Amino acid sequence: MATIEARGLRKSFGSTVALDGFDLQVEEGRILGLIGPNGAGKTTALNAMLGLLQCEGDLRVLALDPWKERERLMQDVCFIADVAVLPRWIRVSQLLDYVAGVHPKFDRAKAEGFLAKTTIKRTSRVRELSKGMVTQLHLAIVMAIDARLLVLDEPTIGLDILFRKQFYDSLLNDYFDRSRTIVVSTHQVEEIEHVLTDVVFIDRGRKVFECSMDDIESRYAEVMVRPDSAAAARAMKPMQERQLLGRSAFLFDGVDRQQLAALGEVRTPSIADLFVAVMGAAR
Amino acid sequence: MNHFYWQVRREIWENRSLYLAPIAACGVFMLGFPFALAKLIATIHNVGQHTSIAMPYDIFAGLQMAVMMMVGAFYCIDALYGERRDRSMLFWKSLPVSDLTSVLAKVAIPIAVLPVLTWLITIAAQLLMLLVSTVALAGNGSHVAMLWNDVSFFQRSLLLLYHLIMVHSLYLAPLYGWLLFVSAWVRRAPFVWATVPLLAIAFVERIAFGTTSFAALVGNRLAGNGMDAIVAHGTFPMDPHTHLTPIRFLTSPELVIGLLVCAIFVAAAMWMRRYRSAI
């Protein structure tokens, strides 16, 4: 059974439709990037998976109904909403005591080990820590929990580039293994590109694109076309054409690379390039 | 049960006023105590002044009760609102603790934890007052005996605990329930929402029917007018020789209906915590 199975999720807040028939399937051991513009429904989708809100449709996470079985689900799911959700009044030592007290899968020694690599003092209150340190603290706690699914909703928003890089490096090196699954939503696509195994684009509450990173390499190609070959390139039905430094960049889906090489320099598009092309076509 | 224990601990960590406020009240009272002590030494020769010997202890207990009601009310108003406002609810809900356990722990604070903390702090301070008075009266054995006899510390302590539990937690439970419900419900200005609807109901009743029964209902709870039920009629509740009537109180409709109202509000607060998102 897949780690996450969602079919036809629907949720509206008043007259705003946040999820409009959203489907998602995530298998164990994948790292999925959920990417979409502001207001696309990313947070709503993640909150539904975490049992934080009720929505229509079929949703199973680790074979549980998140809304009805949140307490059980949270034994196997960890969640970082963003940097600001740790209670500001709590002391680091109290936080460790508390999580050790309520979470059966928390390994306190492991968390202490991660914290030892930082400058966070055990006696500090969360409000005294910098934003970056709060993230380190939350990550140390989450990584010390032997969970099967980790959900990250814009986990590095507002952090500087050093902390952002360190955050994803720690996740990959010290946490991730093939028996865990990670779902991460973010705007900062470039930084997590090398981390992901799969990517899903969401727009206006629907899944508009889905691909594994391996398939992106084999399916999609971006070609920098010389002006004299532009007409030939257009004839091959590109997904998108854009002007770049006096030349045209064409994005192709499922066209043979050798054929494209005749037109100009071929490279694999970044997720950001794909995102712009897919969203541009959808709107 | 283990989760409940940790939830209660986390509430006490967060709300240090639960024990700091009664301790601060002790500090304030101790400023006035030397004057009371001086008066005691000056007047203890006059037999027949016995009531004034115990008076500072009654005033002190009353002060602690007032402090406790305020701390309890402010705690309840913020208990479920604060975690939504600062978004820490997203962290609490990322852990395998149910809404039921979280909310029950929050109810337990004004109903059980706060009365016990207040009681412990109050009797510790009263014992200190007694010991200081004993030292001050030392050299006159009969006066010391009179002091301990009049204050009758152990009976007084038990009576205080009885009073705190019966009146300040059980009888006031519906009001704490209401405040917790408001705290879980509103998006802003919980203090306004906690008070204005009560005033509005009283006002509308006055206009429409010319009666004041709702205002009297709430007012009587706050003023502890149900005390008639916990002690025999007409006796002072803190008097060590008062006659307690716990059975009558526990079976009185006022108490039973009040507890039911509290249960309804708490169930609604639990439901709200499940559905409400961070603000």
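Along each chain, residues carry numbers from 1 onward, in the same order as the chain's sequence is written. To label them, take the chains in the order written and letter them from A, then take the ligands in the order written and number them from 1. Reporting in this predicted model follows two pLDDT cut-offs: at least 70 for local features of residues, and 80 or more for side-chain atom pairs to be given and counted; totals over whole chains, interfaces and linings ignore these cut-offs and use all residues. Excluded from the side-chain calculation are hydrogens and water; included are all heavy atoms of the structure.

So what's going on with the packing of aromatic side chains? Which residues, and what values?
Residue and element names in this part refer to chain B. For this analysis, a ring pair means two rings from Phe, Tyr or Trp (six-membered ring only for Trp) whose centres lie within 6.5 Å, classed as stacked if their planes differ by under 30 degrees, edge-to-face if by over 60, and tilted for the remaining angles. Inspection of every chain in the model, using the stated rule, returns 20 aromatic pairs over all chains. Plain terms: the ring middles of Phe181 and Trp185 are 5.5 Å apart, the flat faces sit at 15° to each other, and that makes the pair stacked. Here Phe181 pairs with Trp185, and both are found in helix α9 (residues 173–185), just four residues apart, close to one helical turn. Plain terms: the ring middles of Trp185 and Trp193 are 5.4 Å apart, the flat faces sit at 65° to each other, and that makes the pair edge-to-face. To qualify as a helix, a DSSP run of H or I must reach at least 4 residues; to qualify as a strand, a run of E must reach at least 2; elements of each kind are numbered from the N terminus.

Now, about the packing of helix α5 (residues 131–143) of chain A against helix α6 (residues 161–175) of chain A: what can you tell me, with residues and values included?
In a packed pair of helices, the relevant descriptors are the angle between the two axes and the axis-to-axis distance. Residue and element names in this part refer to chain A. The interhelical angle for the contact between α5 and α6, taken along N-to-C directions, is 10°, at an axis separation of 11 Å. The angle between the axes of α5 and α6 places the two elements in the roughly parallel class. Where α5 approaches α6, its residues Gly132, Met133, Thr135, Gln136, Leu139, Val142 and Met143 are matched on the opposing element by Phe163, Gln166, Phe167, Ser170, Leu171, Asp174 and Tyr175. Think of it as three bins: nonpolar holds Ala, Val, Leu, Ile, Met, Phe, Trp, Tyr, Cys and Pro, charged holds Asp, Glu, Lys and Arg, and polar takes everything else, Gly as well. For the contact of α5 with α6, the residue count by class is eight nonpolar, five polar and one charged. Each axis is a line fitted through C-alpha atoms, taken for helices only over the stretch in contact, and angles between the N-to-C directions span 0 to 180 degrees. Comment on the angle field: the value is read as roughly parallel under 35 degrees, roughly antiparallel over 145, roughly perpendicular from 65 to 115, and oblique elsewhere. By definition in these notes, contact holds between two residues if any of their heavy atoms fall within 4.5 Å.

Got a sec to walk through the interface of chain A and chain B? Specific residues and values, please.
If you look at the interface, chain A gives 29 residues, while chain B gives 23 residues. The term buried area refers to how much accessible surface (probe radius 1.4 Å) is lost by two components on association, counted for both of them together. Taking both partners together, chain A and chain B bury about 2600 Å²; carbon and sulfur atoms supply 62% of that area. Contact with chain B buries area across many residues of chain A, yet Arg70, Trp89 and Tyr98 of chain A alone supply 27% of it, more than any other trio. Any Lys or Arg side-chain nitrogen found within 4 Å of a carboxyl oxygen on Asp or Glu counts as a salt bridge. At the surface where chain A touches chain B, the tally comes to one salt bridge. Linking Asp99 of chain B and Arg70 of chain A is a salt bridge whose minimum nitrogen-to-oxygen distance equals 3.5 Å. Pairs of N or O atoms within 3.5 Å make up the polar contacts considered here, provided that, within protein, one atom can donate a hydrogen while the other can accept it, and that residues adjacent in sequence are counted only when both atoms are side-chain atoms. The tally of links between chain A and chain B comes to nine residue pairs in polar contact (both at pLDDT 80 or more). Where the side of chain A that touches chain B is concerned, the elements lending two or more residues are α2 (70–73), β5 (77–80) and α3 (92–102) of chain A. With seven residues, α3 of chain A is the largest single contributor of residues to the side of chain A that touches chain B. Grouping the constituent residues of the side of chain A that touches chain B by class yields 17 nonpolar, six polar and six charged.

Can you lay out unusual backbone geometry for me, pointing to particular residues and giving the numbers?
For residues other than glycine, phi is negative in most cases, and the peptide bonds are mostly trans. All names here are of chain A. Phi angles above zero are rare outside glycine, and Ala63 is one such case at about 65°. Structurally, Ala63 is set in the loop between β4 (56–61) and α2. With phi around 50°, Arg204 is a residue other than glycine that occupies positive phi space. Position of Arg204 relative to the elements: it lies in the loop between β8 (198–203) and β9 (206–212).

Give a detailed account of the sheet that holds strand β3 (residues 31–35) of chain A, specifying residues and quantitative values.
All names here are of chain A. At least two bridges found by DSSP between two strands are what make those strands a pair. In space, the six strands of this open sheet follow the order β5-β6-β7-β3-β8-β9, with mixed pairing throughout. Strands at the two margins of the open sheet, each flanked by one partner only, are β5 and β9. Strand-to-strand twist of the sheet, defined as the mean angle between neighbouring strand axes without regard to direction, takes the value 15°. Taken strand by strand, α5 contacts β5 and β6 (149–153), and its axis lies near 175° from that of β5. The sheet contacts of α6 involve β3, β5, β6 and β7 (181–185), and relative to β6 the element is tilted by about 175°.

Outline helix α7 (residues 141–151) of chain B, supporting the account with residue identities and numerical values.
Residue and element names in this part refer to chain B. Only protein chains enter the area calculation, which uses a 1.4 Å probe; residues under 20% of their type maximum are buried, those over 50% are exposed, and those in between are partly exposed. When α7 is considered as a whole, its buried residues turn out to be His143, Val144, Met146, Leu147, Asp150 and Val151. Angularly, the buried residues of α7 cover 160° about the axis, an arc narrow enough to put them on a single face. Opposite the buried face of α7, by more than 90 degrees, sit the exposed residues Gly141 and Asn149. Throughout, the arc means the angular range of directions from the helix axis out to the C-beta atoms.

Give a detailed account of empty space enclosed by the protein, specifying residues and quantitative values.
The pocket and cavity definitions rest on a 1 Å grid over protein atoms only: a 1.4 Å probe that fits but cannot leave marks a cavity, an open set with protein on both sides within 12 Å along at least five of seven lines marks a pocket, and residues lining either have an atom within 4 Å of a point. Grid points are joined across faces, edges and corners, and a volume is the space filled by probe spheres set on the points. Inspection of every chain in the model, using the stated rule, returns three cavities of 30 Å³ or more. By volume, the largest cavity is sized at about 60 Å³. As for the largest cavity, its lining consists of Glu11, Glu14, Asn15, Tyr75, Asp78, Ala79, Gly82, Glu83 and Lys106 of chain B. Among the elements that take part in the lining of the largest cavity, helix α3 (residues 50–79) of chain B stands out by supplying three residues, more than any other. Around the second largest cavity, the lining residues are Cys78, Phe79, Val99, His138, Ile141, Val142 and Ile145 of chain A together with Phe91, Ser94 and Leu95 of chain B. Elements with a minimum of two residues in the lining of the second largest cavity: β5 and α5 of chain A. Top contributing element to the lining of the second largest cavity by residue count: α5 of chain A, with three residues. Of the residues belonging to the lining of the second largest cavity, the class tally is eight nonpolar, two polar and no charged.

How would you sum up the pattern of salt bridges? Please name residues and give values.
Residue and element names in this part refer to chain A. One pass over the structure, following the stated rule, counts 30 salt bridges over all chains. Notably, a salt bridge pairs Asp20 with Arg206, separated by 3.7 Å at the nearest N-O pair. Of this pair, Asp20 sits in strand β2 (residues 16–26) while Arg206 is found in strand β9, placing the two residues 186 residues apart along the sequence. For Arg206, a relative accessible area of 41% gives the class partly exposed. Close ionic contact of Lys207 with Glu210 constitutes a salt bridge, the shortest N to O distance being 3.0 Å.

Quick rundown of the layout of surface pockets? Include the residues and the values.
Each pocket or cavity is described by its volume, and for the largest pocket that value is around 810 Å³. Forming the boundary of the largest pocket are 34 residues, of which Phe13, Thr43, Asn47 and Leu53 of chain A together with Ser277 of chain B lie nearest the centre. Every element with two or more residues in the lining of the largest pocket is listed here: β1 (4–13), β2 and α1 (42–49) of chain A together with α5 (89–92) of chain B. The leading source of residues in the lining of the largest pocket is α1 of chain A, at four residues. The class makeup of the residues in the lining of the largest pocket is 15 nonpolar, ten polar and nine charged. As for the second largest pocket, its lining consists of 20 residues, and the residues nearest its centre are Ala73, Leu175, Leu179, Thr195 and Leu222 of chain B. Those elements giving two or more residues to the lining of the second largest pocket turn out to be α3, α9, α10 (190–209) and α11 (213–223) of chain B. Take the lining of the second largest pocket: its biggest share by element is six residues, from α10 of chain B. Each residue belonging to the lining of the second largest pocket can be placed in one class, and the counts come to 19 nonpolar, one polar and no charged.

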